[in-house]
Amino acid sequence: MAIAAVAACACGGAKAAYRSKAVPAASAPLDRSVFARDPNGQLSEDALQRVLASELELDLPARIGVLPVVDAVDWRGPSPSYDPAPAALAPLVRGLRGDEPFFHVTEMMAIPSGALGMEALREIAARYHLRYVLLYRESIATRERANPWAIGYATIVGALFLPGDTLSVDGYVEASLLDVKTGLLLFTVRRRVSGRRRTNVWHTGDKLADLRRRAAERAAPSLAKDVRQAVYEFERAARFERQRRHDTARPAEAAAGTSEAVAPDVRRRGAGTDASAADTPAVPSA
């Protein structure tokens, strides 16, 4: 019993240690972006402090667009890509549709990574009349290596059908929620993906692309669930932060009110003392 009590006290002390003593009062939520209107989206020190001091806001349910960010195809810099959108985009959108917190989910045109700054993304979202945009990105590496079946390649016939190559993919898919009104990224969720296949030496590039596509498609429904869960967690965090700042502000307001109430009373007492001294007759000296 004593050990349990000590452990409970220790746990309570550990939890209390994570609670800051001083919490600044929150200002109103941001009503517009404070980032610079350039591709880099620079932020001044005053604007940075304003963002940190503002209250968290998540205006849901709302319309949302899913924008895939793809790799640029030109080594000289970002350039338009005429490849189709990632195959995992469709199952991700299906996983987000049909219920709150998003009453309408739309796909958006794919853009090459690095081609546009965050402010340009906000302009694209405005053309769709969207409050929030979910930025979807895949980062999946491919690998090819020989396995013991490759010994059969020494015979010309074996190279035609023996599965002497092991193809594998490994990486992650991620989604980040962008608030179009303020330009803030609210959260990012990520899922690891992987896949493996033994095959012959023919059409390796196409097989790796198919393996990569299948791995991303399998992860898309789980990623959609992660996005929903992150939205609910963000809402809880916003409510907790508002309540915490409110609880911290109430003692300060009460102390300020007490000081204002005491000050007039002190002044009245001082005035009464002065009046009594003035009404007291002077005692003549002997």
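See the structure above.
*Asks:* Give a description of the overall build of the protein that names residues and reports values.
*Replies:* A tally of helices and strands in the protein yields 6 helices and 6 strands. When the elements of the protein are put in sequence order from the N terminus, they spell out α-α-β-α-β-β-α-β-α-β-β-α. Out of the 286 residues in the protein, the part that is buried amounts to 34%. Relative to all contacts within the protein whose residues are 6 or more apart in sequence, the contacts with residues 24 or more apart total 74%.

*Asks:* Describe the side chain of Thr199, naming the residues involved and giving the relevant values.
*Replies:* Mapped onto the elements of the fold, Thr199 is located in strand S6 (residues 185-199). A distance of 2.6 Å separates a polar atom in the side chain of Thr199 from a polar atom in the side chain of Lys207. Ignoring any residue separated from it by four or fewer positions in sequence, one finds Thr199 in contact with Tyr153, Leu162, Pro163, Gly164, Asp165, Leu167 and Lys207.

*Asks:* Could you give me a rundown of the side chain of Ser176, with the residues and numbers involved?
*Replies:* If you trace the backbone, Ser176 turns up in strand S5 (residues 165-179). A relative accessible area of 9% places Ser176 in the buried class. Reaching out from Ser176, the side chain makes a polar contact with the side chain of Thr188 at a distance of 2.7 Å. In contact with Ser176, other than residues within four places in its own chain, are Val133, Leu134, Leu135, Leu185, Phe187 and Thr188.

*Asks:* Can you lay out the nonpolar core for me, pointing to particular residues and giving the numbers?
*Replies:* A general tendency of soluble globular proteins is for nonpolar side chains to be buried together. Judged by nonpolar contacts, the single largest core of 42 residues is most densely connected at Val66, Leu96 and Tyr136. Broken down by secondary-structure element, the contributors of at least two residues to this core are helix H2 (45-53), strand S1 (62-70), helix H3 (89-96), strand S2 (102-107), strand S4 (132-146), S5, S6 and helix H6 (204-279). At 12 residues, H6 tops the list of elements feeding residues into this core.

*Asks:* Would you mind going over the environment of Arg190 in detail, with residue names and values included?
*Replies:* Secondary-structure assignment places Arg190 in strand S6. Overall, the relative accessible area of 51% leaves Arg190 in the exposed class. With sequence-adjacent residues up to four places away left out, Arg190 is seen in contact with Tyr172, Val173, Glu174 and Leu223. Of note is the side chain of Arg190, whose polar atom sits 2.5 Å from the side chain of Glu174.

*Asks:* Can you lay out the pattern of salt bridges for me, pointing to particular residues and giving the numbers?
*Replies:* Per the counting criterion, the structure on display carries 14 salt bridges. Measuring nitrogen to oxygen at the nearest pair gives 3.4 Å for the salt bridge that ties Glu57 to Lys181. In this pair, Glu57 is assigned in the loop between H2 and S1 and Lys181 in the loop between S5 and S6, connecting sequence segments 124 residues apart. Across the pair Asp210 and Arg214 runs a salt bridge whose closest N-O atoms are separated by 2.8 Å. Here the residue Asp210 and the residue Arg214 both occupy positions in helix H6, the gap between them amounting to 4 residues, near one helical turn. Here the salt bridges do not stand alone but share partners, grouping Glu57, Asp59, Arg131, Asp179 and Lys181 into one network.

*Asks:* Explain the environment of Glu217 to me, and be specific about the residues and the numbers.
*Replies:* Tracing the chain through its elements places Glu217 in helix H6. Judged by its relative accessible area of 28%, Glu217 falls in the partly exposed class. With 130 residues separating them in the primary sequence, Glu217 and Ala87 have C-alpha atoms 6.8 Å apart.

Criteria and cut-off values
- Residues numbered from 1 in each chain as written.
- Predicted model: local features only at pLDDT ≥ 70, side-chain atom pairs only at ≥ 80, totals over all residues.
- Heavy atoms only, no water.
- Helix = DSSP H or I, 4+ residues; strand = E, 2+ residues; numbered from the N terminus.
- Buried < 20%, exposed > 50% of the residue type's maximum accessible area, 1.4 Å probe, protein only.
- Contact = heavy atoms within 4.5 Å.
- Polar contact = N/O pair within 3.5 Å; in protein donor to acceptor, adjacent residues only side chain to side chain.
- Core = buried A, V, L, I, M, F, W, Y, C linked by side-chain atoms within 4.5 Å.
- Salt bridge = Lys/Arg side-chain N within 4 Å of Asp/Glu carboxyl O.

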